[in-house]
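The chain contents come next:
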Amino acid sequence: MQDTAPRGKPRWWTELLLIVVVYSAYTGGRLFVRGDEATAVAHGLAILRVEKLLRLNAEHPLNRLFTEHAWLGIPADFAYASLHYLVTPAILVWLFRRRTARYRAARTWLMLSTVLGLVGFTLMPTCPPRLLDAGHGFVDTMAQYSAYGWWGDAASAPRGLGSMTNQYAAMPSLHVGWSLWCGVMLWRHGRTPLMKFLGAAYPLLTTFVVMGTANHYFLDAVAGAAVMSLGLALTRPFVRLADRVRDRFAPVAGAVESSVSGGVVSAGCETSAGERIPGQRTRTDTSAGASAHTAAEHGAETGDGTAAAAR
């Protein structure tokens, strides 16, 4: 990703407001855009058939591993329920404070991709593996180990709040998409081998977690990466468009600000040729008056000198 040159340091309160608005739209969109269950199940089964045809069905062995070994399943559930909402904001704050020149492009990439993900949820509601009929061989690890965490039987939603989330928003996987964004940021802007290692490991770990907990198919993860790639491709054109819009309205805003602050007394108004505000003296009048006053003083001085000489 080529970085876009910054235009001054962003203000933290405007950035916070922007992030809250976009995330609220994303969350609200997931809540209100709900496909019917039959359609979502049909989409999930279609994905599963394609994966089996292409021999990409890694969800079943991973899911059995997580359900048979609690020492793997419980940490995976905690990772699924928390890291998505903790790591991404933490890296945004880190970029804002320590990598300011890179922040704007990175934030724009993340937000565009999130909006694209919402479009995917709208067009293709998809039932995750854990909600398919038990005959398909998947176990909901979040429900199996719910006694160890704050979630219930509605994925990562806290107990009693399952109705406040759209459980058919599996395609694309923004858990994978956001983790890929985090990984790129850590790899690209981290300055230690540890940060680069975490940048490579975090999206891989997330991909295994979402499949092993039966929350996503492998192709959901692929779609999440594709959405992030498209968001990346749109970032530079979007930033340039935003700059052009801001440049177009900046002179107007600057003129208004200048007039309000007293920089332009007339607030941009001009008088016609030859017209003068009552009581206004032109520069010519002032110059002529000054010249006459100077001549008078000179004459007085000359007259005084002549009189003195005559005496």
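Treat the numbers as computed from the prediction; the structure is a model and nothing was measured.

Rules and cut-offs
Residues numbered from 1 in each chain as written. Predicted model: local features only at pLDDT ≥ 70, side-chain atom pairs only at ≥ 80, totals over all residues. Heavy atoms only, no water. Helix = DSSP H or I, 4+ residues; strand = E, 2+ residues; numbered from the N terminus. Buried < 20%, exposed > 50% of the residue type's maximum accessible area, 1.4 Å probe, protein only. Contact = heavy atoms within 4.5 Å. Areas by Shrake-Rupley, 256 points an atom, 1.4 Å probe, with all protein chains shown as cover. Salt bridge = Lys/Arg side-chain N within 4 Å of Asp/Glu carboxyl O. Expected span 1.5 Å × (residues − 1). Bend = angle between axes of the 7 residues up to and from the residue. pLDDT = per-residue confidence, 0-100. Axes fitted to C-alpha atoms, helices over the stretch in contact; angles between N-to-C directions. Parallel < 35°, antiparallel > 145°, perpendicular 65-115°, else oblique. Nonpolar A, V, L, I, M, F, W, Y, C, P; charged D, E, K, R; others polar.

On to the overall build of the protein chain, then. Of regular secondary structure, the protein chain possesses 10 helices and zero strands. Within the protein chain, the fraction of its 311 residues that count as buried is 37%. Contacts in the protein chain between residues at least 24 apart in sequence constitute 82% of all its contacts with a sequence separation of at least 6. When the accessible area of the protein chain is evaluated, it comes to approximately 17900 Å², of which 65% is carbon and sulfur surface.

Attention now goes to the pattern of salt bridges. Overall, the coordinates contain three salt bridges when judged by the stated rule. Of the charged contacts, one joins Arg 246 and Asp 243 as a salt bridge, the two residues approaching to 3.4 Å between their closest N and O atoms. Taken together, the residues span about one helical turn, with Arg 246 and Asp 243 both in helix H9 (residues 218–261) at a distance of three residues. Of the residues examined, Asp 243 reaches a relative accessible area of 10% and is grouped as buried. When salt bridges that share partners are traced, they join Arg 104, Asp 243 and Arg 246 into one network.

The amide bond that connects Met 171 to the next residue, Pro 172, takes the cis arrangement and shows omega of 0°. Structurally, Pro 172 is set in the loop between helix H6 (141–144) and helix H7 (174–189). Even without glycine at this site, Arg 55 takes up a positive phi of about 55°. The phi dihedral of Ala 214 falls on the positive side, at around 65°, and the residue is not glycine. Along the polypeptide, Ala 214 turns up in the loop between helix H8 (193–212) and H9.

Compared with an ideal rise of 1.5 Å per residue, which puts 20 residues at 28 Å, H8 spans 28 Å between its outermost C-alpha atoms and is within 8% of the ideal. Of all bends in H8, the biggest is about 25°, found at Ala 201, and the proline Pro 203 comes one to four residues later. Just past H8, the residue Ala 214 takes up positive phi, approximately 65°.

This part takes up the confidence of the model for the protein chain. A residue-level look at the protein chain finds 66% of positions with pLDDT of 70 or above and a mean pLDDT of 78. Here residues 280–311 is a poorly scored stretch, pLDDT under 50, and it has four contacts once near neighbours within four places are set aside; other chains count.

Okay, the packing of helix H3 (residues 59–68) against helix H4 (residues 70–98) next. Following both chains from N to C, one finds H3 and H4 inclined at 105°, their axes separated by 5 Å at the closest point. The angle between H3 and H4 falls in the class roughly perpendicular. Each of Leu 65, Phe 66 and Glu 68 in H3 lies in contact with H4, whose residues at this interface are Ala 70, Leu 72, Gly 73 and Ala 76. Among the residues making up the contact of H3 with H4, the classes are represented as five nonpolar, one polar and one charged.

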